[in-house]
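An overview of the molecular structure
Residue-level listing of the chains:
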Amino acid sequence: AADCCPIEWLPTELLERVLTELDQTSLGRCAQVSRLWHQVVMQPLLWTKIHIDGSNWEVRSKNLVDEIVKLPQLLFASANLTCLSLDHVEVCLVKSLVTLAGRRCPNLRELRLIRCGMSLTTKSLNSLLAGCPSLSLLQIECKRLQYAVDLDCAPLLTKLVQRLSSLKVYIDKFGEEFDEYYLRPFFGHVAEFPQLASLSIQIIEFSAMLQLLARMPSLTQLELNSSLRLCGADLLLPRSLPPLRHLSICCELDKDAAGIQELLGGFPQLQSLQLELDSAGRSLPTSEVIGILRILPANLTDLRLRLYAYAELNDTEEADWAKLLPPRLWRLELEGHKIIQGTGLELMKSLACRSTLAELKIDFCTDDLLRALLSQLPRLRSLCITDCSRLTRQAWANLRDLQTSAAFQCDLHEFEAFGCDCSLCDEGVAALCTSPIARGLRRLCLQPDRCSRQLTAASLASIASGCPWLTQLALNAEFSDAELQAFCASYQHSVK
């Protein structure tokens, strides 16, 4: 029918597959869309995900008691449940809910307990062990570990972790007082955790955590967060380490970067690496940066490097370390404090040799570098510049004459520029939108630090005429409701 919603053209089987990704609240809303959707949504097999958010019960409902009573009834009728998320649920209720889930939800695969108080007790753990053989993901977020886990039932928790493929633990008040019993309830003295493939956890000692990794032969994804300094002298790598593919580390460096270099040397099969390193206010010598880059695996495709209190680099120093970037990168993020002092063109020469690069995020840019980035990277789909303070108005004017060769088909989908207060005006936006890079943009973000008075409705007109595929726009400027409505009306699809 002419008035039929386009999504209803989908085959029923495909629509059912899409709806299985929704929780109970979203499914209830979908059931009110149309008769067809109501018929599809009300199939019991679709109700597999439940997310209960208790943080705003008092705002949502005048009768809080009625809301609480309904939760056990909901779980009792959810035999097909695969994912359960409890967020800010009352302590008096969360124990019974987790226990009931273990008894009534045999297909449960994911359990998230977010700021719910004491939820893992002897009774609830026994229920999960006996009734949920497919449970593979456990996520715990709390202020203190003893607020969420009964430490007296540590052996049961360790037994549960042995079954998991993914474990995530986030604790607000985390310090040295947790060193004695923080890891023990999860990992105990079990010889091996054969199923664990993903681990995200806060740690006190890197060496203690690395010794545990030897007992996780299937681990491929690891996220470590430490508030203490990583010291190379105290780092002891075990003989056998798991074949990690994805590694994320957030910590503070000690006197040098020897610790992080030794750690990275133990994982030659890495494909994705995220490093967030704080050098405690001191400048990190170029030699240490080169040492980190030199040890990076050649097969690395995703590199996100955030260095705080980073030393300023001139063109010569920039050329030295830019050559060491892995050759097969498809995503690169470089963030720090004045990471490049020169023109940035030496970095561009290195990036131009990496034809696979699709996503780039940097915290510096010059006029020449902006033009080079947008004309010499054929597969670039996303470009984010977090600090455009060094750009001038000429940088945007240069884009007007940007022409791509027949061999280079520019297809940029996302462009973000922050801190462009001094350089961006209506003429700059017009130059950007008349250049070849604007034709395929889906998301455009032009964000001066302060609300810009240099951008008027003419900028909206330029964007509407030059970006036909745009779906999202962020522009830090003031416009009237009429101007915004006219902009949205120029598209046949919705623009956020």
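Residues numbered from 1 in each chain as written. Predicted model: local features only at pLDDT ≥ 70, side-chain atom pairs only at ≥ 80, totals over all residues. Heavy atoms only, no water.

As recorded by an unreviewed UniProt entry, the protein carries the name F-box domain-containing protein and is attributed to Macrostomum lignano.

Comments concerning the overall build of the protein
Cut-off, in case you're wondering: Only runs of H or I of at least four residues qualify as helices and only runs of E of at least two qualify as strands under DSSP, and these elements are numbered from the N terminus. Here the term buried applies to any residue with accessible area under 20% of the maximum for its type, exposed to any over 50%, and partly exposed to those in between, with areas from a 1.4 Å probe on protein chains only. Contacts: residue pairs with any heavy atoms within 4.5 Å of one another. Note on areas: Shrake-Rupley, 1.4 Å probe, and residue coverage restricted to the protein chains presented here.
Scanning the protein for helices and strands turns up 20 helices and 16 strands. Burial analysis of the protein (496 residues in total) assigns 49% to the buried set. Long-range contacts, defined here as pairs at least 24 residues apart, represent 77% of the contacts in the protein between residues at least 6 apart. As displayed, the protein offers around 23700 Å² of accessible surface, 50% of which is attributable to carbon and sulfur atoms.

Quick notes on helix H7 (residues 122–131)
Where H7 is concerned, the buried positions are Ser124, Leu125, Ser127, Leu128 and Leu129. Packed against the buried residues of H7 are helix H6 (91–104), strand E3 (110–114) and helix H9 (154–163).

Here's the deal with the pairing of strand E5 (residues 166–171)
Within a regular beta strand, the side chains point alternately toward one face of the sheet and then the other, so they alternate between its two faces. In plain terms, the rule: In this description, strands pair whenever DSSP reports at least two bridges between them.
Across six bridges, the pairing between strand E4 (residues 137–142) and E5 is parallel. Bridge pairing in E5 places Glu141 opposite Tyr170. Sheet topology places E5 next to strand E6 (residues 198–202); three bridges connect them, and they run parallel. Each residue of the ladder has a partner; that of Lys168, found in E6, is Ser200.

Quick look at the pattern of salt bridges
Keep this limit in mind: A carboxyl oxygen of Asp or Glu within 4 Å of a side-chain nitrogen of Lys or Arg is what we treat as a salt bridge.
Tallying each qualifying case throughout the model produces 11 salt bridges. Close ionic contact of Glu333 with Arg306 constitutes a salt bridge, the shortest N to O distance being 3.0 Å. Of this pair, Glu333 sits in strand E11 (residues 331–335) while Arg306 sits in strand E10 (residues 302–308), and the two are 27 residues apart along the sequence. You can call Glu333 buried: its relative accessible area is 11%. Taking the shortest distance from any N to any O, the salt bridge between Asp411 and Arg381 comes out at 3.9 Å. Taken together, the residues span a long stretch of sequence, with Asp411 in the loop between helix H17 (393–400) and strand E14 (414–418) and Arg381 in the loop between helix H16 (367–376) and strand E13 (382–385) at a distance of 30 residues. For Asp411, a relative accessible area of 29% translates into the label partly exposed. Several salt bridges converge on common partners, so that one network encompasses Asp302, Arg304, Arg331 and Glu359.

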